[in-house]
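This is what each chain is made of:
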Amino acid sequence: METRAFQDWMVETALPLWAGAGRDAAGGFHEQLTLHGAPDAAASRRVRVQFRQIMVFCAAHSLGLRADGAAIARRAFDRVRKTAWAPDGQPGWIHRISAEGAPLDLSRRAVDQAFALLGLAWLRRPG
């Protein structure tokens, strides 16, 4: 796919889909969508997916592709901070939460912490 076609797909298809059907009422991101673009609302959520989407929407905002990208990312961060940061009193982001935000897998994994750092760095980027 050439660069222009990819950008068009991202701006016209992917970002609107994840900004709409890809988010829940609390501002978090669904783990997955069906082939028809509907959320799999019952699927549990990996915390790294939340931070990956935070990074994507911050980047989209920074590149001028989504004016509301930063607001979407901040709302998702507020949600993940409330549900996945140290719910057992131990430091770090847990691995998995339920669709409702309840802790499911309290393990800490390096890949989850790395995605959290990536998402947080994008949230703090100037502009």
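In what follows, the structure referred to is the one given above.
Computed from a predicted structure; not experimentally measured.

Thresholds, definitions, all that
- Sequence order as written defines the numbering, with residues in each chain counted from 1.
- With the structure being a predicted model, the display of local features is reserved for residues of pLDDT at least 70 and the display and counting of side-chain atom pairs for 80 or more, all residues being used for whole-chain, interface and lining totals.
- The side-chain quantities take in all heavy atoms of the structure and omit both hydrogens and water.
- Note on conventions: DSSP H or I runs of at least 4 residues are helices, E runs of at least 2 residues are strands, and numbering of each starts at the N terminus.
- Residue contacts are defined here by distance: any two heavy atoms, one from each residue, within 4.5 Å place the two residues in contact.
- Counted as a polar contact is a pair of N or O atoms within 3.5 Å, where, for protein atoms, one must be capable of donating a hydrogen and the other of accepting one, and residues adjacent in sequence contribute only when both atoms are in side chains.
- Two rings belonging to Phe, Tyr or Trp (six-membered ring only in the last case) form a pair when the distance between their centres is within 6.5 Å. Interplanar angles under 30 degrees mark stacking, angles over 60 mark edge-to-face geometry, and anything in between is tilted.
- Categorising residues by exposure relies on relative accessible area from a 1.4 Å probe, with only protein chains included: less than 20% of the type maximum marks a residue as buried, more than 50% marks it as exposed, and the intermediate range marks it as partly exposed.
- Counting as a charge over the ring demands two things of the Lys NZ or Arg CZ atom: a distance within 6 Å of the ring centre and an angle within 35 degrees of the ring normal.

**Side note on the side chain of Arg 48**
- Turning to its location among the elements, Arg 48 is positioned in helix H2 (residues 47-62).
- In this view, Arg 48 contacts His 95, Val 111, Asp 112 and Phe 115; residues no more than four positions away in its chain are not counted.

**So, the environment of Asp 40**
- For Asp 40, the location among the structural elements is in the loop between helix H1 (3-19) and strand S1 (45-46).
- Separated by 59 residues in sequence, Asp 40 and Ala 99 have C-alpha atoms that sit 9.3 Å apart.
- Once residues lying within four places of it in the same chain are set aside, the contact partners of Asp 40 are His 30, Gln 32 and Leu 33.
- Side chain to side chain, Asp 40 and Gln 32 meet in a polar contact 2.6 Å long.

**With respect to unusual backbone geometry**
- The phi dihedral of Ala 86 is positive, around 50°, even though this residue is not glycine.
- With respect to the helices and strands, the residue Ala 86 is situated in the loop between helix H3 (69-84) and strand S2 (96-97).

**Some points on the packing of aromatic side chains**
- In the structure shown here, the tally under the stated rule is 6 aromatic pairs.
- Centre to centre, the rings of Phe 6 and Trp 9 are 5.9 Å apart; their planes meet at 40°, and the pair counts as tilted. One end of the pair, Phe 6, and the other, Trp 9, are both in helix H1, 3 residues apart, so they sit about a helical turn from each other.
- The exposure class assigned to Trp 9 is partly exposed, which follows from its relative accessible area of 39%.
- Pairing Trp 85 with Trp 93 gives two aromatic rings, centres 5.0 Å apart and planes at 65°, and the pair type is edge-to-face.
- Three or more aromatic residues joined by ring pairs make a cluster, and in this case those are Phe 51, Phe 77, Trp 85 and Trp 93.
- Here the guanidinium or amino end of Arg 125 rests over the ring plane of Trp 122, the centre of that ring lying 4.2 Å away.

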